[in-house]
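Listed here are the chains, written in short residue letters.
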Amino acid sequence: MEFTANEVKQLVQKNYLLAVEVETLQGYDEFNYKITDVSGRKFILKITGEEKRYSFLDAQLRILEHLSVSAVAWNFQQILRNKNRQELTPIFKDGKQYYLRILSWLEGVCWAQVPHKNKELYLGLGSFLGKTDEAMQDFQHDALHRHYTWDISTAASANRLLHCIRDHEKRRLAGYFLLAFETEVLPVLDSLRHASIHNDANDYNVLVQNGEVSGLIDLGDMVYSALVNNVAIACTYAMLNTEDPLQAASWVIQGYHGAFPLTEQETDLIYYLVAARLCISVTQSAWQASLGSVNGHHFVTERDAWSLLNQLIRINPLKAADTFRKACGMSLLINAGEDYSPLLQERKTFIGANLSISYRKPLKIVKGALQYLYDDKGNTFIDCVNNVSHVGHCHPVVVKAMQKQIATLNTNTRYLSDHLVEFAKAIHRTLPSKLSVCYFTNSGSEANDLAIRMSRHFTRRNDVVVLDHAYHGTSTVAMEMSPYKFDGKGGSGQMPYIHKAISPDLYRGAYRYNDPEAGVKYAQDVQTILAENPGKVAAFICETLLGVGGQIPLPDHYLEAVYRHVREAGGVCIADEVQVGFGRVGEKFWGFELQQVEPDIVVLGKPIGNGHPLAAVVVTKEIAAAFNNGMEYFNTFGGNPVSMVTGRAVLDVIQSEDLQQHALETGNYLMKGLRGLMNKHTIISDVRGHGLFVGAEMVKNRNSMEPAVDEINKVVEEMKERGFLLSTDGPLYNVLKIKPPLVFSKENAADMVHHLDEVLSNL
């Protein structure tokens, strides 16, 4: 219950024998008033309810008393005693007890209101805090040993409020940084130096006058905690609304270290501590919003906090730690000149030589964060091509589900498990009803192998029809039905029971975009193969958008006609959804749905486990019955509990975060940008795809259609140098492959198109 200005006047007159004017100030959990006596002296009056313990109020007063004989004494408030020489005055209103205290007024404007901040001001803030912590290092008070929401050390508790953040991207971002806190900070927290700290040097508590820090107010967040949290909090608010937040923080850290030296361990954690503080802030704001709060203080930093979190995830944590170490004159973490020669030599010695490495200058990736990858040189990359990490690198929901299950149980499928059945049911709900029986494997290659084996059991035939340039995996059977491999360098050639159908390429093929019957015409090639091999073909298999074949969407009605021909010939239809499925194409959940068909067998892989080794084959009951011929099918870790929990978490994330719709909107936005580049740069001759399955074909000349192989390789390398990881695909190696994690944003897409425009202009 708030006190009126007149009530405050009477309380001051009665207890302090002062006649004052009163101005109400905003407060978070206390009533605050600015009072001015007849001589012009200014004070701040605070009224606190019973929810704050007397012992904690006493702690605040003892701290001011402790600091009154320190080097920073005049940067803190002094205590005004009442007529009875008491520091705290008990008062009563409507049967409730409150405590009133009056402190001296510190001159200055809030840090947030300083329009231009120079290096000296940041250094001064750090130095002031360092001197304060040095003065406080031997202060003790039992009331400060408390569990407190705004103590960074308790940041993991913010996880319980993540659900209050309605925006999927924001919730995912906060969840990632809380996961990083649990991974990087919690294991070492107990080993850090601890002390009583101010704990809230925010942009409204730090005062500035004449270009210098003039004061620090509000001791209501004091807590006994890790010492480094104090400077981390100051860095957090110093970084807000800055173009170079890393530079701002490094100046604060430099000033602090000069006054009160940090350890290397503390310095290396500041990046994660800053992010954790921001996560506490945004989850608290979201929680207050969910309660219907209209108190502006609950949301004062919300917009800026989200902005800084988005800046932080673009900063390589190793770069941050190295920058902060440099500010303190410590040994550095990054060796920019290292050329990886020793590692490359060991790889050459112990790893097969035909395991390729991307890029002319290899990357050593040390950490992933949603759509970002970080290398050991401090660089950050936007991942535009790793579709395996379907919902993002280290997605917090997926990681935590895996962690919990692997700490509980992992074993084979000979034991009953709810996870196995529940995940199979969840997959079934996304598919046509006739596709109801699941078999789990460890890789897409293994799944494709199994799919062919099952089709042969069902049809009692052996031959398989594939598309030219197709790729279906690395097992022996998968290699046999992958022209990309068996026709390529080192390939064993085409087996007599494998038949290649023409790739239905609307850009380079015999039937092109301007032919509305192209799909049906391409399907006739499959019909011809079937006619030439009567009674032999067990299955037709193809990706529902062609990946290695050139990022090619299938022509309208292609699969409709092909599936009809295959079934009429007694074969089964297999949809390879390994790289295509699970919402990537945006318009539909599965690629085959774009063609308005229902396959007999669907193969899932890669994205199903977000990088965890997991794949599946889903078939009709009839095919499953034929496969159950007396020979046991056993896959030691296909369907293990950890994999099942992981797959279920990935599926839940796709659905709960609306990632299919996100893929549609972001993919359309990206392709619009790329088509804009195609109108400007003649080297881009075709842009195609659905959702976040996108290809851009590059040629030297649009008339001759000569593939621009050297040029596209230069583009990929140059884009890497600019922080965008891309790759090439297609039988002529001239298609720019863009298949990012589904959390790839419109902002990422815009940045990629902008830089691609510059790279193409410089070719």
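Before reading further, recall that the structure is shown in the block above.
The rules we used
- Residues numbered from 1 in each chain as written.
- Predicted model: local features only at pLDDT ≥ 70, side-chain atom pairs only at ≥ 80, totals over all residues.
- Heavy atoms only, no water.
- Helix = DSSP H or I, 4+ residues; strand = E, 2+ residues; numbered from the N terminus.
- Expected span 1.5 Å × (residues − 1).
- Polar contact = N/O pair within 3.5 Å; in protein donor to acceptor, adjacent residues only side chain to side chain.
- Salt bridge = Lys/Arg side-chain N within 4 Å of Asp/Glu carboxyl O.
- Buried < 20%, exposed > 50% of the residue type's maximum accessible area, 1.4 Å probe, protein only.
- Pairing = 2+ DSSP bridges.
- Axes fitted to C-alpha atoms, helices over the stretch in contact; angles between N-to-C directions.
- Parallel < 35°, antiparallel > 145°, perpendicular 65-115°, else oblique.
- Left-handed = near helix turned anticlockwise from the far one by under 90°.
- Contact = heavy atoms within 4.5 Å.
- Nonpolar A, V, L, I, M, F, W, Y, C, P; charged D, E, K, R; others polar.

*Asks:* Quick one: what's the story with helix 4 (residues 168-184), residue by residue and with numbers?
*Replies:* Look at helix 4: 24 Å from first C-alpha to last across 17 residues, which is about the 24 Å you get at 1.5 Å a residue. The N-capping residue of helix 4, defined by a side-chain oxygen 3.1 Å from the backbone nitrogen of E169, is D167.

*Asks:* Tell me about the pattern of salt bridges, residues and numbers included.
*Replies:* The full count for this structure, using the stated rule, is 38 salt bridges. Of the charged contacts, one joins R414 and E632 as a salt bridge, the two residues approaching to 2.9 Å between their closest N and O atoms. Taken as a pair, R414 in the loop between helix 11 (396-406) and helix 12 (418-428) and E632 in the loop between helix 19 (621-627) and helix 20 (641-656) lie far apart in primary sequence, 218 residues in all. Side by side, R414 and E632 carry an identical accessibility label, which is exposed. Between D515 and K521 there is a salt bridge; the shortest N-O distance is 2.8 Å. Classification of K521 by relative accessible area gives partly exposed; the value is 30%. Counted as one network, the salt bridges with shared partners bring together D58, R62, E65, R81 and E87.

*Asks:* Outline the sheet that holds strand 12 (residues 365-369), supporting the account with residue identities and numerical values.
*Replies:* Overall, mixed pairing links the 4 strands, which are arranged 12-13-14-27 in an open sheet. Each of the sheet's edge strands pairs with one partner strand only, and the pair in question is strand 12 and strand 27 (724-725). Both strand 13 (residues 372-375) and strand 14 (residues 380-383) contribute to a ladder of 3 bridges, which runs antiparallel. Each residue of the ladder has a partner; that of L373, found in strand 14, is F381.

*Asks:* I'd like to hear about the packing of helix 11 against helix 20, residue by residue, with values.
*Replies:* At a minimum axis distance of 9 Å, the contact between helix 11 and helix 20 shows a crossing angle of 160°. Accordingly, the angle class assigned to the pair helix 11 and helix 20 is roughly antiparallel. You can see that helix 11 and helix 20 cross each other, and the crossing is right-handed. Residues V397, V398, A401, M402, Q405 and I406 of helix 11 lie in contact with helix 20, whose contacting residues are P641, V642, V645, T646, A649, V650 and V653. By residue class, the composition of the contact of helix 11 with helix 20 is 11 nonpolar, 2 polar and no charged.

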